[in-house]
Amino acid sequence: MTTDSRLKSFEKKMEDSIISLNKDLSTIRTGRAHSSMLDLVKVEVYGQSMPINQVATISVSDPQTLAIQVWDANNVKFCEKAIRESDLNLNPIVDGQLLRIPVPKLNEDRRKELSKIVSQQSEKIKVSIRNIRRSGMDFLKQEEKNKNISEDESKKLSNDLQKITDDFVKKVEVKIKEKEEEILKV
C-alpha cells in the first residue's frame, strides 16, 4: 500500500467520524418530531435487542407527533416500554398497534442540557479525529525511519495530514454550531 493511499485511509476514518457524529446528532430531540429521534432506541423482542425501526414503521404525522406502527401486536408493549425508558423523555400513547408520541416543546433548562450534550459529542469526535491524525503521523515517521519515504516527503505528507485534520475539525464545529442553534431556537 502506498503512503498516499494510507493517507486516504486516514481521511476515510475521519469521514467516518463525521458520519458517526451526524448519526448521534440526529437522535437529539429539538422540539420537533423527526423519525431519526428513535434510531438509538432498542427493543427487547424475540429474545434479543433490536432497533425499533426493525419491528415497526416510524413516521411523522405532524411537526409535534411521531407515529409508530408496530408490525406484531405482541411487540407493542415492548416498544412502548423501550421508548419510555429511553433518555428522550417521551411518553407514547397506545392505540392498538399504533403508538402516538407527542414531542413536547423543550424548556430552557432542557435546551441548555442538550446543548451541553452536543458539546460533549463534539469533543469526543474531535479527539477521535486527532487520534487518527496521531496514527497517521506515527505511520509517516515509521515510513521515513524504514527509508520508504524521504524526510522532505514525510514533512510534506505530515503537512497534508494536518490540513486534512484541520478541515475535519472545522466540519465538526460547523455541524455542532448548527445543532446548537437548532436546539436553542424557540
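To start, this report covers the structure provided alongside it. Computed from a predicted structure; not experimentally measured. (Residues numbered from 1 in each chain as written. Predicted model: local features only at pLDDT ≥ 70, side-chain atom pairs only at ≥ 80, totals over all residues. Heavy atoms only, no water.)

Digging into the packing of helix H3 (residues 108-145) against helix H4 (residues 151-184)
Contact geometry of H3 with H4 gives a least axis separation of 10 Å together with a crossing angle of 170°. As summarised for this structure, H3 and H4 are arranged roughly antiparallel, according to the angle between their axes. Its residues assigned to classes, the contact of H3 with H4 comprises 14 nonpolar, eight polar and eight charged. (Axes fitted to C-alpha atoms, helices over the stretch in contact; angles between N-to-C directions. Helix = DSSP H or I, 4+ residues; strand = E, 2+ residues; numbered from the N terminus. Parallel < 35°, antiparallel > 145°, perpendicular 65-115°, else oblique. Nonpolar A, V, L, I, M, F, W, Y, C, P; charged D, E, K, R; others polar.)

Some details on the sheet that holds strand S4 (residues 65-70)
The strand order across the open sheet formed by four strands is S3-S4-S6-S5, and the pairing between neighbours is antiparallel. The sheet is open, and its two borders are formed by strand S3 (56-62) and strand S5 (93-95), each paired with just one other strand. Mean inter-strand twist for the sheet, computed between neighbouring axes without regard to direction, equals 25°. Relative to S4, S3 is paired through six bridges, and the arrangement is antiparallel. Bridge pairing in S4 places Ile58 opposite Ile68. Sheet contacts for helix H2 (residues 76-85): S4, S5 and strand S6 (98-102); angle to S6, the most-contacted strand, approximately 15°. (Pairing = 2+ DSSP bridges. Contact = heavy atoms within 4.5 Å.)

Section: the pairing of strand S2 (residues 48-51)
Note that strand S1 (residues 42-45) and S2 share four bridges and pair antiparallel. Residue Val45 lies in a different strand from S2, and its bridge partner there is Gln48. Two successive antiparallel strands, S1 and S2, enclose a turn made up of two residues, where Tyr46 displays a positive phi of approximately 55°.

What to know about the nonpolar core
Ranked by size, the top nonpolar core spans 25 residues in total, and within it Met14, Ile129 and Val172 carry the most contacts. For this core, the elements supplying multiple residues, two or more each, are helix H1 (3-26), H3 and H4. Leaving out residues up to four positions away in the same chain, Met14 has contacts with Ile129, Ile132, Arg133, Leu161, Ile164, Thr165 and Phe168. Counting 23 residues, the second largest nonpolar core, distinct from the first, contains Val43, Val55, Ile58 and Ile101. (Core = buried A, V, L, I, M, F, W, Y, C linked by side-chain atoms within 4.5 Å. Buried < 20%, exposed > 50% of the residue type's maximum accessible area, 1.4 Å probe, protein only.)

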